[in-house]
Amino acid sequence: MFYKKMILGMLAVLLTACASTSAVPSTKIAIDLQDFVFAPASITIPANQPVTFTFTNSGSQEHDFVIEKISVTDVKMEGSMEHHMMGDSASEYDLHIATPAGSTSELSFVAAQAGTYKIFCSVPGHKDAGMVGELVVTQ
Ligand SMILES: [Cu+2]
């Protein structure tokens, strides 16, 4: 019994050590939300590493950032609007963060798979107005 506890204790120490040495600093990217473009409109991030997007809405309308389908973990959001105008399928989006005009918000996540993902603003009319872009996840 004591032996088993000792092994578990050692495992815990090993896991803790592992977590602290493999802590990769988050890739930080600033994205400006304008009427009606993302700047930059093409964003490249590494796969399997934490990234943080900081959104600044310098437009006169609310804007959001949507990726319809992407495999992500460790998603954290700050400053996102709880209620905002969006399309019908908003609840199906894998990533969705809305930022009021003149405000900022923050989105952190880890992308699990390399690939190119379409980004867009889901506020009605904005996608058609040109508020689209791409997220490139590299291996
Ligand atoms: Cu918008």
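Now for a description of the structure that goes with this document. (Residues numbered from 1 in each chain as written. Predicted model: local features only at pLDDT ≥ 70, side-chain atom pairs only at ≥ 80, totals over all residues.)

Considerations on the overall build of the protein
When helices and strands are tallied, the protein shows 1 helix and 10 strands. Of the regular secondary structure in the protein, the N- to C-terminal order runs α-β-β-β-β-β-β-β-β-β-β. Buried positions account for 22% of the 139 residues belonging to the protein. Nonlocal contacts in the protein, meaning residues at least 24 apart in sequence, comprise 75% of its contacts between residues at least 6 apart. (Helix = DSSP H or I, 4+ residues; strand = E, 2+ residues; numbered from the N terminus. Buried ≥ 20, exposed ≤ 12 C-beta atoms within 10 Å, placed from the backbone. Contact = placed C-beta atoms within 7 Å.)

Details of the environment of Glu68
Structurally, Glu68 can be placed in the loop between strand 5 (63-67) and strand 6 (72-78). The sequence separation of Glu68 and Tyr93 amounts to 25 residues, and the corresponding C-alpha distance is 4.4 Å. Once you skip the residues sitting within four places of it in the chain, Glu68 turns out to touch Tyr93 and Asp94.

Observations concerning unusual backbone geometry
Of note, the amide linkage connecting Asp35 to Phe36 takes the cis form, showing an omega dihedral of 5°. Position of Phe36 among the secondary structure elements: in the loop between strand 1 (27-34) and strand 2 (37-39). The omega angle of the peptide bond from Ala39 to Pro40 is 5°, so this bond is cis rather than trans. Along the polypeptide, Pro40 turns up in the loop between strand 2 and strand 3 (42-46). Unlike most non-glycine residues, Asn48 shows phi in positive territory, near 60°. On the secondary structure map, Asn48 appears in the loop between strand 3 and strand 4 (50-57). Notably, Asp74 is not glycine yet its phi reads approximately 55°, a positive angle.

Some thoughts on the sheet that holds strand 10 (residues 132-138)
Taken in spatial order, the 5 strands line up as 3-10-9-5-7 in an open sheet, and their pairing is mixed. Only two strands of the sheet have a single partner each, and these edge strands are strand 3 and strand 7 (95-99). Adjacent strand axes in the sheet meet at a mean angle of 20°, parallel and antiparallel pairs treated alike. Across 5 bridges, the pairing between strand 5 and strand 7 is antiparallel. Paired with His63 across the strands is Thr99, a residue of strand 7. (Pairing = 2+ DSSP bridges. Axes fitted to C-alpha atoms, helices over the stretch in contact; angles between N-to-C directions.)

Some thoughts on the pairing of strand 5
Burial runs high along strand 5: 4 of the 5 residues are buried. Pairing geometry for strand 5 and strand 9 (residues 115-120), over 2 bridges, is antiparallel. Bridge pairing in strand 9 links Val66 to Phe120.

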